[in-house]
Amino acid sequence: MNIHAINAIYRFEMARTGRTLMQSIVSPVISTSLYFIVFGAAIGSRIPQSHGISYGAFIVPGLIMLSLLTQSIANASFGIYFPRFTGTIYELLSAPVSYLEIVISYVGAAATKSIILGLIILATAGLFVPLQVVHPLWMMLFLVLTAVTFSLFGFIIGIWADNFEKLQVIPLLIITPLTFLGGSFYSIDILPPFWRTVALFNPVVYLISGFRWSFYGLADVHVGVSLGMTVVFLALFMAIVAWIFKTGYRLKA
Amino acid sequence: MQPIITITNLSKTYASGFQALKHVNLEIRRGEIFALLGPNGAGKTTLISTICGIINPSEGRVLVDGHDIATDYRAARAMIGLVPQELTTDAFETVWATVSFSRGLFGKRKNPAHIEKVLRALSLWDKKDNKLITLSGGMKRRVLIAKALSHEPTVLFLDEPTAGVDVELRRDMWQLVRSLQDSGVTIILTTHYIEEAEEMADRIGVIRRGEIILVEDKAELVRKLGKKQLTLQLDAPLERLPTELAGYQLDLSGDGTELTYTYDTQGERAGIIALLQDLNRSGIRFKDLQTTQSSLEDIFVSLVREKK
Ligand SMILES: Nc1ncnc2c1ncn2[C@@H]1O[C@H](COP(=O)(O)OP(=O)(O)OP(=O)(O)O)[C@@H](O)[C@H]1O
Ligand SMILES: [Mg+2]
C-alpha cells in the first residue's frame, strides 16, 4: 500500500473542498433549508401527521438522501474529471499507485465530504423540526454506505464524461428525478398499487426507506432489503470501476 | 554494466489505428544523458509516455532497472520522474503544495528540506506560496521539473524541457541537468534545439515515424559524420592540381577558381598550416577563405531527409 499517496490525494481533494466551501457546503445547506421552510413549515403544517411524525420531520431523511446522492456524485465525478480535463492526470498515471489506492483516496475524499454535508443538513433540520433517530448506528451505516456507493458512481461518471455536460446530465436527468419520485416527500404506501409496484423498480426507494427507518422505525420495505440493495449497488459500481482500470478505459490511450 | 532502461520490441498503435511506435529497441545506459531527437509527430512523447505508464503499449516490453513496467510497475515508476511536454498544472494550488503532493504521490514520506532544496535550485523559493495560476509559463515549466524531482528519481524524463524558455533559464536548466547527472541520475530528454543535444547529451537517438533510425555516441556521431571543409577562392584559376599537393585531400572546382580541402575535425590543425605553406610555395595565391563544419543539425537534417 502506498499510504503516502493515498494521504496526498485525500488531502489534496479535501483542500479543494476547503477552497470551494461555498459551493460544497453552504449552497446545499441553503437549498435544504428552503425545502424545510416551504414543505415543512408552510405546506407541511396543513398535512396531517402520520404515526405521530410531523410532515416536516418525515421529509428529513429523504432530503438528506437527496443531498447525499447528488453531492457524492458531484464531488467524486468532478474530482477525477478535472485532472483529466486539465491534463494533470499524467502524474497520477505515472505514479507508483495502484488502482485500488486511487479509488480509495478519491472516493474516500468525496464520501467524507458528503457525510459531513449530510450531518450538517441533519443539524440544520434540527433547527426547523423536532428530530429523533431511533437507530443511530443504522443511520450512520446507511449514511456511510450510501455516500461511498454514490461517490463510486460519481467516480465512474467522472471517467466516462468527456465534457462538462455529460458530467451534469446523469445527476440531473436520472438521480434527481429518481430521488423525488423515490419517496423523499411521501411514503410510497400512499400510492395506488400499480404505481407502488413501479416505484419498487426505483433503486432510490430502498435507500430512502432504509434511511427513514433508522430515524423513525417506519419503512416502505424491510430494512434488510434496503441494506441488501445498497450493497448490491456498491458491488455493481466496484465491478465497473475494476473494469475501467483493467482496460484503462478513457484513462489511457 | 546493465542498462537502466531496456526497451524491447515496443510498438504502439493508437485507437485511431495510427501506429506511433514501430518495434522500438533501445537501451539507456546508467547515468547518461540521452537526447531523443526527431521531427514533430515522430513518436518521442509516445515513447516516453509508454515508459512512464501513461499510455498502454500494444506490444513489447520495458524494463526499468530490471523492473517490468507492466508487472512490477510500482518499483519501476517509483524510480522515474517525468516532466511532460505540455504545461499542465493545477491552478489554485500553491507551488509548495503541488510539489509536496508529488512527493507523497510517489510514496515518499514528507521531507520539507528536500523540497526546499529543489525549489531553491530552480529559483522557485520566493514563489513557494504563490498560486500556480499566477506564474508565468517558464516558471510553470520549473514547477513541473520541481514536481518530478520532488521524489528523488533515479531516471528523469524531460520532454522538451526548454521549449518556450528564455536563454538564461535554458543555461540554468543545462546546469541543473549536469548536476543531476553528477549525482547519478540518468536523464532522457527530447528537444528540437539541436545545439542543446550537442551541448548536453552523451548519446543521441533519432526517431522518425515511430522508428529509431540511429543511436550513437554524440562524439562519435560528430566525428563520423562531422567533416570540416576549408574553401579557398583563388586569385587565378588553376588548370589542375600541382603534384606537390597530391598528399592533401583537395578538390578543384570545375572552373578552377575554388579549392576545397576536406579534413577530419579531430585532425590536428597543423594540416592547414602546412597546406597553406605548400600552396604558397607552389605560387598559388588566394583572395579569400572560409571553413565550414557540419554540425549536429546538418547531420540530423540530412539523416531525416535521406531516409525518407
Ligand atoms: N492519443 C492519440 N491518438 C491518436 N494518435 C496520436 C495520439 N497521440 C499522438 N498521436 C499521434 O502519434 C504520433 C506521435 O506523436 P508524439 O506526440 O509521440 O510525437 P512527438 O515526437 O512527441 O512530436 P512533437 O515533437 O510534436 O512533440 C503523431 O502522429 C500523433 O498525431
Ligand atoms: Mg512530443
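Basis of the calculations
Residues numbered from 1 in each chain as written. Chains lettered and ligands numbered in written order. Predicted model: local features only at pLDDT ≥ 70, side-chain atom pairs only at ≥ 80, totals over all residues. Heavy atoms only, no water. Donors = N, O, S within 2.8 Å, 3.2 Å for Na, K, Ca; no water. Helix = DSSP H or I, 4+ residues; strand = E, 2+ residues; numbered from the N terminus. Buried < 20%, exposed > 50% of the residue type's maximum accessible area, 1.4 Å probe, protein only. Axes fitted to C-alpha atoms, helices over the stretch in contact; angles between N-to-C directions. Parallel < 35°, antiparallel > 145°, perpendicular 65-115°, else oblique. Left-handed = near helix turned anticlockwise from the far one by under 90°. Contact = heavy atoms within 4.5 Å. Nonpolar A, V, L, I, M, F, W, Y, C, P; charged D, E, K, R; others polar. Salt bridge = Lys/Arg side-chain N within 4 Å of Asp/Glu carboxyl O. Core = buried A, V, L, I, M, F, W, Y, C linked by side-chain atoms within 4.5 Å. UniProt positions renumbered as here; feature names shortened; annotations may be inferred. Domains from an automatic or database assignment. 1 Å grid on protein atoms, 1.4 Å probe; cavity = no way out; pocket = protein on both sides within 12 Å on 5 of 7 lines; lining within 4 Å. Points joined across faces, edges and corners; volume = space filled by probe spheres on them.

Novice: For this particular structure, what's the right way to read the coordination of the magnesium ion (ligand 2)?
Specialist: Ideal donor angles around a metal are set by the shape: a four-donor tetrahedron calls for 109.5 degrees, a six-donor octahedron for 90 or 180 degrees. Residues and elements named next belong to chain B. Only Thr-45 (OG1) and Gln-85 (OE1) from the protein reach the magnesium ion (ligand 2) as donors, at distances of 1.9 to 2.1 Å. Here the residue Thr-45 occupies a position in helix α1 (residues 44-52), and Gln-85 occupies one in the loop between β6 (80-83) and α3 (95-105), the gap between them amounting to 40 residues. The exposure class assigned to Thr-45 is partly exposed, which follows from its relative accessible area of 31%. Residue Gln-85 is classed as partly exposed on the basis of its relative accessible area of 27%.

Novice: It is not clear to me how the packing of helix α8 (residues 164-184) of chain A against helix α10 (residues 203-216) of chain A should be interpreted in this structure. Could you clarify?
Specialist: Axes are the key here: two packed helices are described by the angle between their axes and the distance separating the axes. All names here are of chain A. Two elements in contact, α8 and α10, have axes whose closest approach is 8 Å; the angle formed by their N-to-C orientations is 50 degrees. Classed by the angle they form, the pair α8 and α10 counts as oblique. Read as a crossing pair, α8 and α10 show a hand that is right-handed. Residue-level contacts link Leu-178, Thr-179, Gly-182, Gly-183 and Ser-184 of α8 to Pro-203, Val-204, Val-205, Ile-208 and Arg-212 of α10. Looking at side-chain class alone, the contact of α8 with α10 contains five nonpolar, four polar and one charged residues.

Novice: Looking at this structure, I do not really get the pattern of salt bridges. What am I missing?
Specialist: Opposite charge on two side chains allows them to pair when their charged atoms are near. Overall, the coordinates contain 16 salt bridges over all chains when judged by the stated rule. Two residues, Glu-101 of chain A and Arg-74 of chain B, come together in a salt bridge whose shortest N-O distance is 2.8 Å. Residue Glu-101 of chain A is located in helix α6 (residues 99-128), and its partner Arg-74 of chain B is located in helix α2 (residues 73-78); the two belong to separate chains. With a relative accessible area of 1%, Glu-101 of chain A lands in the buried category. Where Glu-116 of chain B meets Arg-120 of chain B, a salt bridge forms, and the shortest distance between an N and an O atom there is 2.9 Å. With a gap of four residues between them, Glu-116 of chain B and Arg-120 of chain B both fall in helix α4 (residues 112-121), about one helical turn apart. Classification of Glu-116 of chain B as partly exposed rests on a relative accessible area of 28%. Beyond isolated ion pairs, a larger network of salt bridges with shared partners links Asp-162, Lys-166 and Arg-250 of chain A.

Novice: Even after reading the chapter, I still don't get the nonpolar core, so can you show me in this structure?
Specialist: As a rule of thumb, nonpolar side chains are buried together in soluble globular proteins. Judged by nonpolar contacts, the single largest core of 144 residues is most densely connected at Phe-155 of chain A together with Ile-5 and Phe-157 of chain B. For this core, the element with the most residues is helix α7 (residues 136-160) of chain A, which contributes 12 residues. With sequence-adjacent residues up to four places away left out, Phe-155 of chain A is seen in contact with Ala-76, Ser-77, Ile-80, Ile-102, Val-103, Tyr-106, Val-107, Val-241 and Phe-245 of chain A. Ranked by size, the runner-up nonpolar core spans 13 residues in total, among them Leu-234, Leu-250, Leu-275 and Leu-279 of chain B.

Novice: In this structure, what is going on with the UniProt feature "domain: ABC transmembrane type-2" (unreviewed entry) in chain A? I would like to understand it.
Specialist: Following the UniProt record, one finds the feature "domain: ABC transmembrane type-2" (unreviewed entry) at residues 19-248 of chain A. For the annotated span residues 19-248 of chain A, helix accounts for 80% and strand for 0% of the residues, and the straight-line distance between the end C-alpha atoms is 30 Å.

Novice: Explanation requested: the domain arrangement of chain B in the structure shown.
Specialist: Often, the extent of an interface is quoted as the loss of accessible area on bringing the components together. Its domain assignment divides chain B into domain 1 (1-79 + 154-225), domain 2 (89-151) and domain 3 (227-304). Between the C-alpha centres of domain 1 of chain B and domain 3 of chain B there is a distance of 39 Å.

Novice: Hey, could you run me through the UniProt feature "transmembrane region" (unreviewed entry) in chain A in this one?
Specialist: Per the UniProt entry, the sites bearing "transmembrane region" (unreviewed entry) are residues 21-43, 55-82, 115-134, 141-161, 167-186, 198-215 and 221-245 of chain A in this numbering. Here residues 221-245 of chain A is 92% helix and 0% strand, with 35 Å between the C-alpha atoms at its ends.

Novice: I tried to follow the layout of surface pockets on my own but got confused; where do I start?
Specialist: Gaps between atoms show up when a probe of the same size as a water molecule is rolled over them. Reported here for the largest pocket is a volume of approximately 930 Å³. Contributing to the lining of the largest pocket are 44 residues, with Arg-16, Gln-23, Ala-74, Phe-78 and Gly-79 of chain A lying nearest its centre. Breaking the lining of the largest pocket down by element, the ones donating at least two residues are α1 (3-19), α2 (21-43), α4 (60-86), α5 (89-94), α6 and α8 of chain A together with α3 of chain B. The dominant element in the lining of the largest pocket, judged by the number of residues it contributes, is α4 of chain A, at 11 residues. When the residues that make up the lining of the largest pocket are grouped by side-chain class, the tally is 19 nonpolar, 17 polar and eight charged.

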